[in-house]
Amino acid sequence: MALLVAREACRLWHGSSVETARRRILASEVSHFGVDEAATILGLSGDAAVSVPCDNRLRMDPKALSRAIAECHSEGLIPITVVGTAGTTDFGSIDPLASLGAICRNQGISFHVDAALGRGLFASPRSRHCLRGIEYADAVTANYHKAFSQPVSCGAFLVR
Ligand SMILES: *Cc1c(COP(=O)(O)O)cnc(C)c1O
């Protein structure tokens, strides 16, 4: 849903003249496979999901994000959204949301936070600071069958 909204917002900003093949989604190299899957479902090109390198604690490196955005622009490609992950599935690492959000805001790129796992941190007075910067997000996803231990499949998609 988040990537669909980003794709449509890109259409509004850049017009339908931007070919589908030029649209890019930037997410860290350890983001959820759903990002690739969604790009395919949305009919974007096979290489639409750009893998942004992480630091040694498996968090997206903001400098690498800036480089990836610059590379897209130099190749005439349009980054339609950046996906920050708050709690990666395999490692639990949390991307530096405030830095990524600030880059997105400066560049006029929408910012999605995949908080499928990490959203539960909000419930903890001790740990909620880990989500600092999530307020930059244009959209957030949360997953209640993971982070909130619900026994039925249950997710939330929040938009600004
Ligand atoms: C599980 C997970 C998803 C996908 O959520 P589903 O609602 O189970 O499809 C997305 N992102 C992350 C980080 C996840 O761990």
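All values reported here derive from a predicted model rather than from experimental measurement. (Residues numbered from 1 in each chain as written. Predicted model: local features only at pLDDT ≥ 70, side-chain atom pairs only at ≥ 80, totals over all residues. Heavy atoms only, no water.)

What exactly am I supposed to notice about the nonpolar core here?
Soluble globular proteins tend to pack their nonpolar side chains together in the buried interior. By size, the foremost hydrophobic cluster in this structure holds 22 residues, and its most contacted members are Leu65, Val82, Phe111 and Val113. The contact partners of Leu65, leaving out residues within four places of it in the chain, are Leu26, Val52, Met60, Val82, Leu100 and Ile103. Formed by 13 residues, the second largest nonpolar core is a distinct cluster that contains Leu3, Val18, Leu42 and Leu44. (Core = buried A, V, L, I, M, F, W, Y, C linked by side-chain atoms within 4.5 Å. Buried < 20%, exposed > 50% of the residue type's maximum accessible area, 1.4 Å probe, protein only. Contact = heavy atoms within 4.5 Å.)

Mind showing me how you'd approach the site of the ligand here?
Taken together, His32, Gly87, Thr89, Asp114, Ala116, Leu117, Asn143, His145 and Lys146 make up the full set of residues near the ligand. Here Asp114 contributes a side-chain N or O atom positioned 2.6 Å from a nitrogen atom of the ligand. Measuring from an oxygen atom of the ligand, one finds a side-chain N or O atom of His145 at 3.3 Å. Considered class by class, the residues forming the shell around the ligand number two nonpolar, five polar and two charged. (Near = heavy atom within 4 Å. Polar contact = N/O pair within 3.5 Å; in protein donor to acceptor, adjacent residues only side chain to side chain. Nonpolar A, V, L, I, M, F, W, Y, C, P; charged D, E, K, R; others polar.)

Would you mind going over the packing of helix 3 (residues 62-74) against helix 4 (residues 97-107) with me for this structure?
Helix packing for two helices is described by the angle between their axes and how far apart those axes are. For the pair helix 3 and helix 4, interaxial distance at closest approach is 9 Å and the crossing angle is 25 degrees. Looking at the two axes, helix 3 sits roughly parallel to helix 4. Judged by the twist between their axes, the crossing of helix 3 over helix 4 is right-handed. Note on element contacts: helix 4 touches helix 3 through Ser99, Leu100, Ile103 and Gln107, opposite Pro62, Leu65, Ser66, Ile69 and His73. (Axes fitted to C-alpha atoms, helices over the stretch in contact; angles between N-to-C directions. Helix = DSSP H or I, 4+ residues; strand = E, 2+ residues; numbered from the N terminus. Parallel < 35°, antiparallel > 145°, perpendicular 65-115°, else oblique. Left-handed = near helix turned anticlockwise from the far one by under 90°.)

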